[in-house]
Structure formats: C-alpha cells, structure tokens
Amino acid sequence: MTIQLSHFSAALVFALFASIVFGITQRNDQREMIKYGAKCFVFFALGTIAAGWAMWLLRH
Amino acid sequence: MAKEETNVAGSRSAKSAAPPQPLTAMSVLVLLLGWLVPGAGHLAQRRWGRGLLLMVSVVALFVLGVLMQGKVYAFNTGDILDILGFVGDLGAGGLYIVTRAYGYGRGAIDLATADYGTKYIIVAGLLNIISAVDAHDIALGKKK
C-alpha cells in the first residue's frame with residue numbers, strides 16, 4: 001500500500017501532528033496547550049505558504 | 001525587567017520552578033516506556049488524553065512516512081546525514097524495531113513524495129523522544 005500526498009497536504013499533515021506534540025509537551029495548562037498547539041499549526045502553515053511564494057519568486 | 005521575565009517564563013514554560021526531584025525508578029521506567037511505545041509514558045501516569053493524542057500523532061506520522069515509501073535508516077557509519085537519520089529514526093522505539101524487523105521502509109527514489117516520508121519517519125522519532133522526556137518530567141514532578 002502506498003500513499004501519495006501532494007506537497008501542500010503533506011506539509012499540513014506534518015504540521016498537524018507536530019503541533020499536537022508541541023502543544024502537549026511544551027505547556028503545562030490544558031488551555032495553554034491548545035493555544036500553543038494552534039499557534040504552532042498556524043505558523044507551520046503560514047511558513048509553508050511563505051516558503052512556497054519565496055521559491056516562486058526566486059524562480060521568476 | 002528580571003521580574004517580568006520570571007513572570008513570562010512562569011506562565012508559559014512547561015517546566016515550572018519546582019525544586020529538583022531525585023531520580024526515581026518510576027521516572028526512568030516511564031522514560032523507557034514512553035520511548036518504546038509512543039504515549040505509553042503518559043498513559044502509565046494516567047494522563048489518558050495526552051497519552052492517546054501523543055500516541056496517535058507519533059504513530060500516524062511514522063506509519064504515513066512508511067506508507068509514503070520513506071526510508072528507515074539502519075545503523076551506519078557513513079554520511080553524517082545518514083547517521084543523524086538513524087538517530088532520529090531510533091527515537092521511535094518499538095515502531096522502529098518492528099519496521100526494521102519486517103523489512104519495511106526501504107525507500108523509493110522514483111517517488112517525489114518518498115522523501116517526505118523519510119522526513120516524517122525521522123520527525124516521528126524525534127517527537128517521540130520529546131514525549132518520553134515529557135513523561136519523565138511529569139514523573140519527577142517538574143510538570144503537572
């Protein structure tokens with residue numbers, strides 16, 4: 001069985017699971033964990049989009 | 001300024017300012033258990049929600065990485081990146097042992113997304129190490 005994700009969906013799946021682990025392990029309070037996890041996910045996603053546009057600009 | 005920094009660190013950091021606790025057998029056990037089975041260190045301490053979320057996250061990343069035809073590194077003394085890849089993969093503990101035992105994770109150079117799979121597997125191992133250390137900190141009373 002083989003799974004083929006697109007580059008963007010692979011980055012989003014990665015961001016989701018990494019953010020969950022970061023949120024749980026890097027904060028004490030449950031509310032803080034959720035906030036930090038969500039923040040990490042947004043930064044991962046925005047970073048991916050920014051890197052994509054940066055590469056597009058470099059190419060053009 | 002110093003007071004402000006202390007407040008920020010106190011409210012945000014997962015590591016509270018609790019006095020250092022002596023190493024206990026339980027703290028070492030949950031560290032090893034957490035490494036061997038992702039999330040088990042938390043589950044052993046009745047942190048059910050956290051344990052399950054950590055388990056699902058690490059296992060999902062690792063399995064998706066293998067299904068994306070990512071490479072699972074064997075022990076090697078070659079290229080530095082290969083050595084680091086092995087160290088990262090080894091962090092997944094039981095998942096790594098089972099995957100190697102069954103011969104999965106050979107890697108496919110003809111698939112563009114296989115490289116993502118390789119990175120998924122390495123990061124799953126590294127995240128599992130963070131989880132195991134977190135379980136160790138909970139057992140030591142450094143974290144709630």
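Reading guide: rules and limits
Residues numbered from 1 in each chain as written. Chains lettered and ligands numbered in written order. Predicted model: local features only at pLDDT ≥ 70, side-chain atom pairs only at ≥ 80, totals over all residues. Helix = DSSP H or I, 4+ residues; strand = E, 2+ residues; numbered from the N terminus. Rg over C-alpha atoms; globule rule 2.2 N^0.38 Å. Buried ≥ 20, exposed ≤ 12 C-beta atoms within 10 Å, placed from the backbone. pLDDT = per-residue confidence, 0-100. Contact = placed C-beta atoms within 7 Å. Nonpolar A, V, L, I, M, F, W, Y, C, P; charged D, E, K, R; others polar. Core = buried A, V, L, I, M, F, W, Y, C linked by C-beta atoms within 7 Å.

Undergrad: Can you walk me through the overall build of chain A in this structure?
TA: What chain A contains, in helices and strands, is two helices and zero strands. For 60 residues, the compact-globule estimate of 2.2 N^0.38 gives 10 Å, and chain A exceeds it by more than 25% at 14 Å. In terms of principal-axis extent, the alpha carbons of chain A reach across some 45 × 35 × 10 Å. Taken over 60 residues, chain A has a buried fraction of 25%.

Undergrad: Just checking my understanding: could you explain the confidence of the model for chain B for this structure?
TA: Predicted coordinates in areas of low pLDDT are best not read in detail. The predicted model of chain B has a mean per-residue pLDDT of 87, with 86% of residues at 70 or higher. Predicted as a complex, the structure gets a pTM of 0.87 and an ipTM equal to 0.91.

Undergrad: Would you take a moment to explain the interface of chain A and chain B for this structure?
TA: Quite often, the size of an interface is put as the accessible area lost when its parts meet. Counting residues at the interface gives 17 residues for chain A and 23 residues for chain B. For the side of chain A that touches chain B, a count of residues per class yields eleven nonpolar, five polar and one charged.

Undergrad: Looking at this structure, I do not really get the nonpolar core. What am I missing?
TA: Within soluble globular proteins, side chains that are nonpolar tend to cluster in buried spots. By size, the foremost hydrophobic cluster in this structure holds 30 residues, and its most contacted members are Val21(A), Leu61(B), Phe62(B), Tyr120(B) and Ala124(B). Of all the secondary-structure elements, those providing two or more residues to this core are α1 (7-26) and α2 (30-59) of chain A together with α4 (48-67), α6 (94-101) and α7 (114-140) of chain B. With eight residues, α1(A) is the largest single contributor of residues to this core. Contacts of Ala124(B), omitting those with residues within four sequence positions, involve Val58(B), Leu61(B), Phe62(B), Gly65(B) and Ala92(B). Within the second largest apolar cluster, eleven residues are counted, among which are Leu31(B), Leu43(B), Ala132(B) and Ala139(B).

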